Structure formats: structure tokens, C-alpha cells
Amino acid sequence: MRLRASTAGRLPTSLKRALVTLFLITLSYAIASEAANLLLPHRVFVGVHYIEDVDFIPTYSSLAEEFQFLAVSGILQKSIIVSTVRVLEGFGLGSLIGISLGILSAWTRRLEYSLDPWMNFFRFTPALALLPLYSLWFGTGEISKILLIVTGVAVVTWLGTDHGIRETPQTLVRAALILGAGRWLLLRKILLPSALQHIFSSLRVALALAWVTLIVAELMNPRIPSLGYLLALASAFTKVQTILVGITVIGSLVLTSDIIAITLYNRATSWMRRRDG
Amino acid sequence: MKRLVAHQVSVGLISLFTGIALYTLISNAYLYNISGLPETVRNVLRPGIIPPTQELIRVFIQLVSVQPNQIGGPHFHGGPDATGGAGSAFVEQTLGGPLQYALLLSSYRVAFGLLTGGALGFAFGIVMGWSTKADDYLHPTYNFLRSIPPLALLSYFMIWFGHNETHRLLPIVYAVFAATVIPTYHGVRDIPLSYLRTAQSLGARGRLLFTRVIVPAASPFVLAGLRYSLMVAWITTVGVEMLMGGDGIGQLIYDVYAGNVYAGGLTVGVDAAGIIVCILSLGVVGYATDFVAKTIAEKFTRWKPEGL
């Protein structure tokens with residue numbers, strides 16, 4: 001059961017199975033939404049009063065209606081562009097800072113020891129907790145939103161890079177040193193390639209983290225073309241349709257960026273040996 | 001080895017103290033004649049922007065020691081009612097300050113999320129990693145579910161469960177679940193085939209194979225993932241509390257920011273000092289939980305061969 005047939009022959013089967021799951025989920029959601037339409041109450045008690053016309057599980061038609069409204073009015077497209085640009089800016093800058101810090105802290109022992117307490121500390125101050133501080137220091141504009149993402153991403157990639165370089169098998173490092181490799185050569189040919197896996201997985205975590213941070217960061221000085229505020233507005237007015245459309249859109253964006261990242265990684269590491277059964 | 005550790009500790013301490021001393025120096029610069037400096041620098045060197053170290057200590061003592069009955073300005077929505085738990089009033093009275101109370105509540109949420117979500121994610125990851133069939137059926141759906149940021153689900157959960165503890169804990173459980181599945185999945189899938197073949201040819205099957213081969217071989221990956229899960233749990237907890245908290249450290253940070261915490265008639269907040277104190281104590285508690293996780297991980301994976 002663990003043995004997998006050759007990848008080429010297996011692909012259609014796995015696709016078929018994935019589609020079966022997708023179909024089942026779609027069908028059960030349709031049934032559940034129709035049943036909820038009939039059975040569940042259509043009002044919800046919020047704090048001090050009832051809100052009417054709330055669908056706990058909205059039907060496909062109402063979701064499509066909401067999606068059409070958001071798309072035709074252009075809110076959705078503009079929000080997607082604005083939020084994605086913010087994430088990409090923060091992610092690019094943050095990963096640059098994080099990876100260079102990671103290389104620096106794994107460089108010499110003394111530097112590693114002196115940076116260690118700071119790294120251990122910052123790893124557990126969630127970037128979100130810095131939101132009030134940043135809005136105090138840098139204002140509530142674009143800068144603090146991006147800096148918040150930069151902080152979160154930088155810490156995670158710093159940890160990943162540092163960990164990856166430290167986990168490099170000592171035999172490789174010693175062999176390279178004995179053969180007369182200089183520092184730069186050692187870093188470029190031994191340390192970075194062997195740390196690539198850790199760096200990459202930390203980048204994936206950081207990408208997801210950037211989206212989480214953004215959703216909260218967009219609540220300061222909120223402007224409407226932004227996914228975070230769209231979700232917040234929808235929840236303030238208890239519009240379940242908008243909430244679900246927003247969640248789906250954000251999920252698709254994160255999934256797409258993850259798939260792009262994996263493709264890039266596989267292309268970059270096609271030289272590596274793979275463990276495939 | 002011992003000398004090396006002592007060296008590490010001393011260098012780390014020196015670095016830490018140098019940083020604190022530098023900060024104290026910079027933050028106290030406003031007390032002296034700095035009119036020679038350019039205006040932008042003078043604007044930054046204000047106690048409201050970079051609070052001096054003694055101010056941080058004063059606010060810390062205030063947040064730790066104020067009796068809870070003195071807290072509660074017009075907009076303060078913390079307190080025992082918000083949690084709804086019967087024991088929370090007792091906890092608050094025993095602990096004293098709002099800071100300990102908030103940190104304890106948040107750590108409880110983190111622990112709950114870690115235990116529940118971790119167990120669920122572990123089970124799910126083993127199933128997906130072991131059976132190709134389950135992997136095929138479930139992985140695409142899981143990939144999409146994992147992509148949804150837990151904080152985005154918060155409002156939908158609230159509509160279902162109302163404004164109570166359930167809807168605060170669910171996103172944390174969900175986040176930890178998503179973070180635990182990946183390392184477990186890879187750990188189980190990448191068990192060296194030689195281990196399995198050896199065990200199977202010696203006649204191990206079913207439960208024996210599971211408890212003696214699969215779980216130990218996957219555990220280094222799972223425990224390495226535990227520290228990531230812990231980080232994710234803290235981030236989600238703080239985010240949830242900031243968005244819809246009512247209490248906990250995220251709410252306290254926000255309250256301090258908005259000037260909602262009153263201590264003996266004095267506003268603690270509005271300035272940066274309260275926020276920084278909260279963030280620093282969050283870091284300390286987070287570091288402590290990570291230390292526990294690290295110790296556990298090292299204890300259970302002592303057998304791990306080098307280079308795995």
C-alpha cells in the first residue's frame with residue numbers, strides 16, 4: 001500500500017479521487033444550504049438585538065449573486081490587487097532581511113551567540129502585537145501595514161535560514177574546508193544549498209503568515225479596496241455571503257501563491273535526489 | 001562542552017545588556033540638551049515615542065500589581081464577565097494585576113489550541129501520510145482549507161457560535177491543526193523504506209508497526225513542527241484577542257493603546273510604554289513556552305541519528 005506506481009501512471013487516478021472529494025463536498029454543501037434555508041432560523045442575536053435575514057449556510061444562488069455584485073462593482077478586483085501588492089512588498093523585503101540575518105547569525109559563533117537572545121525573543125512577539133506600536137511610530141498609513149508584514153516575515157525566514165545552516169552535516173563542511181574552500185565558496189556551494197529546504201519551508205510559512213498579518217493590519221485606517229476591511233465590514237453587518245466570498249477569495253490567493261512557490265522550488269532543486277519509494 | 005555553553009550564555013548576556021544599556025541611553029537623551037540635533041531626530045527622541053527604561057519599569061509594576069477592582073474605565077471590557085468562566089473571578093483575585101491575568105488566559109487558549117488541534121492534526125497527518133488513497137482523496141481539499149487564514153474565519157465562527165469562548169478557541173485549534181498536519185504527513189511519508197521492510201519482514205503488522213516504527217520515525221518531524229505550531233498558536237491567539245477578544249493579552253495591548261486601562265484613576269495607556277511592556281511580557285511568556293516545547297522535543301528524540 002505504500003508502494004506507489006510510477007508517477008506518470010498514477011496522476012489520473014489521484015486527480016479522479018480529488019474530483020470525487022470535490023464533488024461530494026459540493027453536493028453536501030448544496031444539500032446543507034437548502035436544508036438550512038428551510039430549517040435554521042434566519043436571524044441571529046448580536047449583543048443587544050436581533051439581526052434579520054441572516055443565512056447561516058447561504059445557498060449557491062445567493063453566493064453567486066453576492067459575488068456578481070462584488071465583481072461588477074469592481075470592489076473585489078481592486079481589493080485583491082491592493083492586498084496582494086501589500087503582501088508581496090512586505091514579503092519581498094521581509095524575506096530579504098530575514099535570509100541575510102540568518103546567514104549573518106550562522107556565520108560566526110560569536111555573532112550567533114550574541115544574536116541568539118534577540119532572535120529567541122522576537123520569534124514570540126507576534127507581529128500582530130506590534131500593530132498599535134507601529135501605528136504610533138509610523139502612523140496608520142501604508143508604511144506601518146507593510147512594516148508589520150516585513151517584521152513577521154523577517155523573523156520566520158531568519159529562524160528558517162539559521163536553522164538550515166546549522167543543520168548542515170558537519171562532514172560536508174569539514175570536507176570542504178579540508179579541500180581548501182574559502183568562506184564565500186563554503187557559503188555558496190555547501191551551506192546555502194543544504195539549507196535550501198529549511199529556507200524554503202520557512203518562506204512558505206512566512207507567506208501564509210503575511211496574509212494573516214495583513215487581514216488584521218488592514219483594520220487600521222481602513223479603506224474599502226482591501227480584503228481585510230471587506231471581511232470586517234461584512235462581519236459588522238453580518239453579511240454571511242460576503243464573508244464566505246471573501247474567505248474563498250483569500251484562500252484561493254494563498255493557495256495560488258503557495259503553488260507558485262512550490263513550482264519555483266522544484267525547478268530550483270531539480271538536481272536534488274528525491275525519496276520516491 | 002560545559003565551557004562552550006558558559007561561553008554562549010555569557011556572550012548572550014553581554015549582548016542583551018548592551019542592547020538594554022543602549023536603549024536606556026537613547027531613550028533618556030531627551031532629558032539633556034539636544035537642541036543641536038536636527039529636528040527629525042529630536043522629534044523621535046521623545047518619551048512618548050521612545051519611552052525611557054524607568055518609565056517601562058514603572059508601567060510594568062503598575063500593570064502587575066494593581067488590584068482588579070480598581071481597573072475598569074468606561075470602556076474597559078475585560079474582567080470576569082467577558083470570559084463567562086466561573087473560575088475567572090477567583091483567578092483574577094488571586095493573581096492581582098491585569099497583566100498576569102491576561103497572560104494566563106492567553107496561555108490557556110494557546111495550550112487548549114495546541115492540545116486539541118495538535119491531536120487532530122497528528123491523526124489526520126498520519127492517515128494522509130500512510131495511505132496513498134486517503135492522500136489522493138483528502139490532500140487537495142486539505143490544501144485549500146490550510147490556505148484560509150484562521151483569522152478570516154473568525155467572523156463566520158462568531159455568527160454560528162455567538163460571542164463567547166468557543167468562537168475564540170476555534171480559529172486557534174484550526175490554525176494549530178493546519179500547522180501540525182504538514183510535518184506529520186511528511187514524517188510518515190518519508191519513513192525510510194528499509195525501516196518498514198525490516199519490520200514487516202520480521203512480522204510486525206498493525207498496531208506494533210504503528211507504535212514501534214511509524215510513530216518513532218515520524219516523531220522528530222512532528223516535534224520539530226511543534227515549535228512552529230506553538231508560534232502559530234500564539235500569533236492566532238493574539239490576533240483573535242485583538243479582533244474579538246474581550247480579554248487576554250491581545251485585548252490588553254489594544255486597551256492600553258486605546259487608553260482604556262485605568263489604574264487607580266490614572267490612565268496607564270495611550271503612550272508607547274504600556275504597549276511595549278505588554279509586548280515584552282508576551283515575548284517572555286512565549287519564550288518560556290518554547291523552552292518547554294524544546295525540552296520535550298529533545299527528550300523524545302535523543303535517539304535521532306545525525307543528519308536526519
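Let us look at the structure shown here. All figures in this text were calculated on a predicted structure; none of them were measured in a lab. (Residues numbered from 1 in each chain as written. Chains lettered and ligands numbered in written order. Predicted model: local features only at pLDDT ≥ 70, side-chain atom pairs only at ≥ 80, totals over all residues. Heavy atoms only, no water.)

## Concerning the overall build of chain B
- If you tally the helices and strands in chain B, you get 13 helices and 2 strands.
- Looking at chain B as a whole, 48% of its 308 residues qualify as buried.
- The contacts in chain B between residues at least 6 apart in sequence include a share of 74% that link residues at least 24 apart.
- Accessible surface, chain B as shown: approximately 15000 Å² in total, 68% of it carbon and sulfur. (Helix = DSSP H or I, 4+ residues; strand = E, 2+ residues; numbered from the N terminus. Buried < 20%, exposed > 50% of the residue type's maximum accessible area, 1.4 Å probe, protein only. Contact = heavy atoms within 4.5 Å. Areas by Shrake-Rupley, 256 points an atom, 1.4 Å probe, with all protein chains shown as cover.)

## Some words on the overall build of chain A
- Secondary structure assignment for chain A yields 10 helices and 2 strands.
- The N-to-C order of helical and strand elements in chain A reads α-β-β-α-α-α-α-α-α-α-α-α.
- Taken against the 2.2 N^0.38 rule, which gives 19 Å for 277 residues, the C-alpha radius of gyration of chain A at 24 Å runs more than 25% over that of a compact globule.
- Its C-alpha atoms give chain A principal-axis dimensions of about 75 × 60 × 30 Å.
- Out of the 277 residues in chain A, the part that is buried amounts to 45%.
- Of the contacts formed within chain A by residues at least 6 apart in sequence, a portion of 69% connects residues at least 24 apart.
- In the structure as shown, chain A presents an accessible area of about 14700 Å², 68% of it carried by carbon and sulfur atoms. (Rg over C-alpha atoms; globule rule 2.2 N^0.38 Å.)

## Comments concerning the packing of helix α6 (residues 98-130) of chain B against helix α9 (residues 165-189) of chain B
Residue and element names in this part refer to chain B.
- Running from amino to carboxyl end, α6 crosses α9 at an angle of 35 degrees, the nearest separation of the two axes being 6 Å. Pair α6 / α9 crosses with right-handed handedness.
- When the residues that make up the contact of α6 with α9 are grouped by side-chain class, the tally is 17 nonpolar, 9 polar and 4 charged. (Axes fitted to C-alpha atoms, helices over the stretch in contact; angles between N-to-C directions. Left-handed = near helix turned anticlockwise from the far one by under 90°. Nonpolar A, V, L, I, M, F, W, Y, C, P; charged D, E, K, R; others polar.)

## Here's the deal with the layout of surface pockets
Residues and elements named next belong to chain A.
- A volume near 920 Å³ is recorded for the second largest pocket.
- Looking at the lining of the second largest pocket, the element that brings in the most residues is helix α1 (residues 7-39), giving 6 residues.
- A breakdown of the residues in the lining of the second largest pocket according to their chemical character gives 21 nonpolar, 3 polar and no charged. (1 Å grid on protein atoms, 1.4 Å probe; cavity = no way out; pocket = protein on both sides within 12 Å on 5 of 7 lines; lining within 4 Å. Points joined across faces, edges and corners; volume = space filled by probe spheres on them.)

## A closer look at the interface of chain B and chain A
- Counting from both sides, the interface comprises 67 residues of chain B and, opposite them, 67 residues of chain A.
- Overall, the association of chain B and chain A removes approximately 6200 Å² of surface from exposure, summing both partners, and the carbon and sulfur fraction of that is 72%.
- Two residues, A:Asp258 and B:Arg146, come together in a salt bridge whose shortest N-O distance is 3.0 Å.
- Between chain B and chain A we count 7 residue pairs in polar contact (both at pLDDT 80 or more) in total.
- Its residues assigned to classes, the side of chain B that touches chain A comprises 41 nonpolar, 15 polar and 11 charged. (Buried area = accessible area lost by both parts, 1.4 Å probe. Salt bridge = Lys/Arg side-chain N within 4 Å of Asp/Glu carboxyl O. Polar contact = N/O pair within 3.5 Å; in protein donor to acceptor, adjacent residues only side chain to side chain.)

## Notes on the nonpolar core
- Residues A:Trp211, A:Ile247, B:Leu99, B:Ile249, B:Ile253 and B:Cys278 are the most contacted members of the largest nonpolar core, which totals 92 residues.
- The leading source of residues in this core is helix α8 (residues 183-217) of chain A, at 10 residues.
- Ignoring any residue separated from it by four or fewer positions in sequence, one finds B:Cys278 in contact with B:Leu63, B:Leu99, B:Ile249, B:Leu252, B:Ile253 and B:Val256. (Core = buried A, V, L, I, M, F, W, Y, C linked by side-chain atoms within 4.5 Å.)

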